[in-house]
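A structural walkthrough
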Amino acid sequence: MARPCKVILVALLVAAMASPLVLAYDPSPLQDFCVADKASNVFVNGQACKDPAMVSAGDFAFSGLQNAGNTANPFGSKVTLVDVKAVPGLNTLGVAMARLDLAAGGLNPPHTHPRATEILTVVEGEMFVGYIDTNGTLFAKVLHKGDVFVFPKGLVHFEFNFGDCPAFGIAGLSSQNPGLVRVADSLFGASPAITNEVLAKAFGIDAATVQRIKAQFSTKK
């Protein structure tokens with residue numbers, strides 16, 4: 001009986017070690033689909049399921065990615081995100097996508113997606129893209145039409161159009177809700193605000209400079 005007991009203990013140990021890795025990703029579907037019920041007040045990791053009898057083809061569809069995003073803003077960029085909020089049928093499926101539009105000289109500023117790896121395909125124009133790993137190494141490349149680049153999950157990355165013509169691309173993301181943390185906005189536009197002393201020490205600048213930078217970012221409400 002000793003050997004079977006050891007086998008069972010080993011199996012339980014492996015399961016215990018594996019379960020945190022499983023839980024670190026989007027919830028897996030246990031049925032064909034689990035369309036998000038936007039009217040539900042139930043708080044779960046993801047979205048509560050709509051009654052399958054009330055599901056329609058429209059819950060799995062989105063229209064509009066053929067249209068260029070409005071880049072008339074200080075960054076000259078626009079991201080049109082198609083996530084579970086836009087397509088309820090994405091709930092539990094672990095994917096999302098986006099259209100990125102960059103005006104000439106436009107920038108999608110350094111940011112992270114805490115819950116998703118991103119793969120970007122350039123459809124028109126050229127982009128200078130890159131990410132920084134946890135050792136501070138920059139991996140960057142100029143992409144042309146048809147080129148693909150991957151941004152690993154959670155790492156700071158950016159896209160910049162250095163050309164004279166607009167550029168756009170389509171991105172796939174490995175989460176129904178990738179999340180977005182813009183580095184500069186988060187540090188200098190946080191609410192409540194991070195103290196000037198903390199930011200001054202972190203960046204090696206004085207408090208007056210911090211205040212001037214903060215003035216460039218609208219405080220999040």
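What you see is a predicted model; the values in this text were computed from it and never measured.

Describing the nonpolar core
Core analysis: the biggest nonpolar cluster contains 13 residues, and Leu120, Met127, Val129, Tyr131, Leu143, Phe149 and Phe151 have the highest contact counts within it. When contributions to this core are tallied by element, the ones reaching two or more residues are strand 2 (96-102), strand 4 (118-124), strand 5 (127-132), strand 7 (148-151) and strand 9 (167-173). A total of three residues in this core trace back to one element, the largest contributor, which is strand 5. Setting aside residues up to four positions removed in sequence, Tyr131 forms contacts with Thr137, Leu138, Phe139, Phe149, Val150, Phe151, Pro152, Leu155, Val156 and His157. Of all hydrophobic cores here, the second largest spans six residues; its members include Leu65, Val82, Val87 and Leu90.

Observations concerning unusual backbone geometry
The omega torsion of the bond from Ser191 to Pro192 falls at 0°, within 30 degrees of zero and hence cis. One can find Pro192 in the loop between helix 2 (183-188) and helix 3 (196-203).

Thoughts on the UniProt feature "binding site: oxalate" (unreviewed entry) in the protein chain
According to UniProt, the feature "binding site: oxalate" (unreviewed entry) maps to Asn108, His113 and Glu118 in the numbering used here. Looking only at the residues we just named, the largest pocket is lined by Asn108, His113 and Glu118. For Asn108, a relative accessible area of 7% puts it in the buried group. Only 2.7 Å separates the side chain of Asn108 from the side chain of Glu159, close enough to count as a polar contact. Tracing the backbone through its elements, the reader meets His113 in the loop between strand 3 (107-112) and strand 4. Note on His113: relative accessible area 10%, which makes it buried. Leave out the neighbours within four places in its chain, and His113 touches Glu118, Lys153, Gly154, His157, Leu173, Pro178, Gly179 and Leu180.

Points about the packing of aromatic side chains
Tallied over the entire structure, the rule returns seven aromatic pairs. Both rings, one in Tyr131 and one in Phe139, keep their centres 5.2 Å apart while their planes meet at 20°; by these two values the pair is stacked. Look at Phe139 and you get partly exposed, because its relative accessible area is 37%. Ring geometry for Phe188 versus Phe203: centroids 5.5 Å apart, planes at 40°, classification tilted. Within this pair, whereas Phe188 is found in helix 2, its partner Phe203 is found in helix 3, the two being separated by 15 residues in sequence. Residue Phe188 is classed as buried on the basis of its relative accessible area, which comes to 10%. Feature note: the residues Tyr131, Phe139, Phe149 and Phe151 constitute an aromatic cluster, connected by ring pairs. Its end group placed over the ring of Phe168, Arg99 keeps NZ or CZ at 3.9 Å from the ring centre.

Describing the UniProt feature "binding site: Mn(2+)" (unreviewed entry) in the protein chain
Summarizing the sequence annotation, UniProt attributes the feature "binding site: Mn(2+)" (unreviewed entry) to His111, His113, Glu118 and His157 in the numbering used throughout. Annotated residues spanning 47 residues; largest pairwise C-alpha distance 11.9 Å, indicating a single compact cluster. Lining residues of the largest pocket drawn from the annotated set just named are His111, His113 and Glu118. Tracing the backbone shows His111 in strand 3. Discounting residues that sit within four places of it in the chain, His111 has contacts with Leu155, Val156, His157, Glu159, Leu180, Val181, Arg182 and Val183. Polar contacts involving the side chain of His111 include one to the main-chain carbonyl oxygen of Pro109, which spans 2.7 Å. Once you skip the residues sitting within four places of it in the chain, Glu118 turns out to touch His113, Phe149, Val150, Phe151, His157, Glu159, Ala171, Gly172 and Leu173. Among the polar contacts made by the side chain of Glu118, one reaches the side chain of His113 at a distance of 3.1 Å.

Analysis parameters
- Residues numbered from 1 in each chain as written.
- Predicted model: local features only at pLDDT ≥ 70, side-chain atom pairs only at ≥ 80, totals over all residues.
- Heavy atoms only, no water.
- Core = buried A, V, L, I, M, F, W, Y, C linked by side-chain atoms within 4.5 Å.
- Buried < 20%, exposed > 50% of the residue type's maximum accessible area, 1.4 Å probe, protein only.
- Helix = DSSP H or I, 4+ residues; strand = E, 2+ residues; numbered from the N terminus.
- Contact = heavy atoms within 4.5 Å.
- UniProt positions renumbered as here; feature names shortened; annotations may be inferred.
- 1 Å grid on protein atoms, 1.4 Å probe; cavity = no way out; pocket = protein on both sides within 12 Å on 5 of 7 lines; lining within 4 Å.
- Polar contact = N/O pair within 3.5 Å; in protein donor to acceptor, adjacent residues only side chain to side chain.
- Phe/Tyr/Trp six-rings, centres within 6.5 Å; stacked < 30°, edge-to-face > 60°.
- Lys NZ or Arg CZ within 6 Å of the ring centre and 35° of its normal.

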